[in-house]
Amino acid sequence: MSELGATIEDLVRTMKARKLRVPAEIGTFVALECAERLIEGPALVTMKDVRVSEEGLVSLYVTPRSASAEASAQSLVSMLASLLVAAGTAVPTQLIGIVESGGGTGPHALVSLRDMLEAALVPLNRQAARRVLSRMIREARRPTTERPPLPSVGGVDDALDSLLGDATDAPHAPVDGRSTAPYP
């Protein structure tokens, strides 16, 4: 990751290493932003060509007008498929349909793909999506040692007991006036 932001490829790899998912909606938002830019100058795009800034802004590093609209749409659908795999389960069927269709065909393929992606994100809140991307970039840049340790095998109860001290032998005071004695 550099001052130009993180590539989507690096972001997905880092999130996977931390056992975190990339929400399907965020992957779709990234694809939508790419489609809007590619309409202006079609190019083949991969996850290495897409960067996200600290502010959550999506940028493309490709040569405009270096591919047909149809080939560009197909490469974008391939990238979307990879992002949806990073999302894991619970991918909306509408997005699966976009991937299975391979995107639009002909000279208006990118426009058709953009329209399908936008329809899949209704209602679309670009600022909220950028905030999520920004948080994901910050999380990816944070050293793993800064993350708080997970509770021990005993889970939340053991962590709470540790915080409050071992009160297992102490009588339990009723919170709402009812008895807290165990059932016979």
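Residues numbered from 1 in each chain as written. Predicted model: local features only at pLDDT ≥ 70, side-chain atom pairs only at ≥ 80, totals over all residues. Heavy atoms only, no water.

Participant: Sorry, what's going on with the overall build of the chain here?
Facilitator: The secondary structure content of the chain amounts to seven helices and three strands. Listed by position from the N terminus, the elements making up the chain come as β-α-α-β-β-α-α-α-α-α. When the 184 residues of the chain are sorted by exposure, 35% land in the buried category. Taking contacts inside the chain between residues at least 6 apart in sequence as the whole, the part at least 24 apart equals 73%. Carbon and sulfur atoms make up 57% of the accessible area of the chain, which amounts to about 11200 Å² in all. (Helix = DSSP H or I, 4+ residues; strand = E, 2+ residues; numbered from the N terminus. Buried < 20%, exposed > 50% of the residue type's maximum accessible area, 1.4 Å probe, protein only. Contact = heavy atoms within 4.5 Å. Areas by Shrake-Rupley, 256 points an atom, 1.4 Å probe, with all protein chains shown as cover.)

Participant: Can you walk me through the pattern of salt bridges in this structure?
Facilitator: Note on pairing: side chains with opposite charge can pair once their charged atoms come close. Enumeration according to the criterion identifies ten salt bridges in this entry. R18 is the partner of E139 in a salt bridge, and the nearest nitrogen-oxygen pair spans 3.3 Å. Within this pair, whereas E139 is found in helix α6 (residues 126–141), its partner R18 is found in the loop between α1 (8–17) and α2 (24–40), the two being separated by 121 residues in sequence. Residue classification places E139 among the buried residues on the basis of a relative accessible area of 15%. (Salt bridge = Lys/Arg side-chain N within 4 Å of Asp/Glu carboxyl O.)

Participant: Got a minute to help me understand helix α3 (residues 69–87) in this structure?
Facilitator: Residues spaced three or four apart along an α-helix face the same direction, because each turn holds 3.6 residues. For α3, built from 19 residues, the straight-helix expectation of 27 Å at 1.5 Å per residue is met to within 8% by its first-to-last C-alpha distance of 27 Å. Listed as buried for α3 are A69, S72, A73, S75, L76, V77, M79, L80, L83, L84, A86 and A87. Among the structural elements, α1, α2, β2 (50–52), α4 (93–101) and α5 (109–120) are those in contact with the buried residues of α3. One or two positions beyond α3, positive phi appears at G88, with a value near 80°. (Expected span 1.5 Å × (residues − 1).)

Participant: Quick question: what am I supposed to make of the confidence of the model for the chain here?
Facilitator: Any residue range with low pLDDT should be treated as having predicted coordinates unsuitable for detailed reading. When pLDDT is averaged along the chain, the result is 83; 77% of the residues meet or exceed 70. Low pLDDT (under 50) marks residues 151–157, which in the prediction has two contacts with non-local residues, meaning those over four places away or in another chain. Within the model, pLDDT remains below 50 along residues 159–184, and this stretch shows six contacts once partners closer than five positions in the same chain are excluded. (pLDDT = per-residue confidence, 0-100.)

Participant: Would you mind showing me how to read the sheet that holds β2 here?
Facilitator: Strand pairs in the sheet, formed through backbone hydrogen bonds, run parallel or antiparallel to each other. Judged by pairing direction, the sheet is antiparallel, and its three strands sit side by side in the order β1-β2-β3 without closing on themselves. The outermost strands of the open sheet, each flanked by one partner alone, are β1 (6–7) and β3 (58–60). Two elements, β2 and β3, share three bridges in a ladder whose sense is antiparallel. Its bridge partner being in β3, V50 is matched across the sheet by L60. (Pairing = 2+ DSSP bridges.)

Participant: How do you make sense of unusual backbone geometry when you look at a structure like this?
Facilitator: Of all residues except glycine, most have a negative phi; of all peptide bonds, most are trans. With omega at -5°, the peptide bond leading from V122 into P123 counts as cis. Following the sequence through the fold, P123 ends up in the loop between α5 and α6. With phi around 65°, A90 is a residue other than glycine that occupies positive phi space. In this fold, A90 is placed in the loop between α3 and α4. Owing to a relative accessible area of 70%, A90 belongs among the exposed residues under this scheme.

Participant: How should the nonpolar core be read in this particular structure?
Facilitator: Across soluble globular proteins, nonpolar side chains have a tendency to be buried as a group. Core analysis: the biggest nonpolar cluster contains 45 residues, and I8, V30, V50, L76 and M79 have the highest contact counts within it. Put simply, the parts of the chain that give this core at least two residues each are α1, α2, β2, β3, α3, α4, α5 and α6. It is α3 that provides the largest number of residues to this core, a total of ten residues. Once residues lying within four places of it in the same chain are set aside, the contact partners of M79 are V30, A31, C34, V45, T46, M47 and V50. (Core = buried A, V, L, I, M, F, W, Y, C linked by side-chain atoms within 4.5 Å.)

Participant: Where do I start with empty space enclosed by the protein in this structure?
Facilitator: The gaps of empty space that remain are located by a probe, the size of a water molecule, rolled over the atoms. Counting across every chain of the model gives one cavity of 30 Å³ or more. Each pocket or cavity is described by its volume, and for the largest cavity that value is around 50 Å³. Looking at the largest cavity, the residues that line it are I8, L11, V12, V22, I26, G27, V30, L83, L133 and M136. Among the residues making up the lining of the largest cavity, the classes are represented as nine nonpolar, one polar and no charged. (1 Å grid on protein atoms, 1.4 Å probe; cavity = no way out; pocket = protein on both sides within 12 Å on 5 of 7 lines; lining within 4 Å. Points joined across faces, edges and corners; volume = space filled by probe spheres on them. Nonpolar A, V, L, I, M, F, W, Y, C, P; charged D, E, K, R; others polar.)

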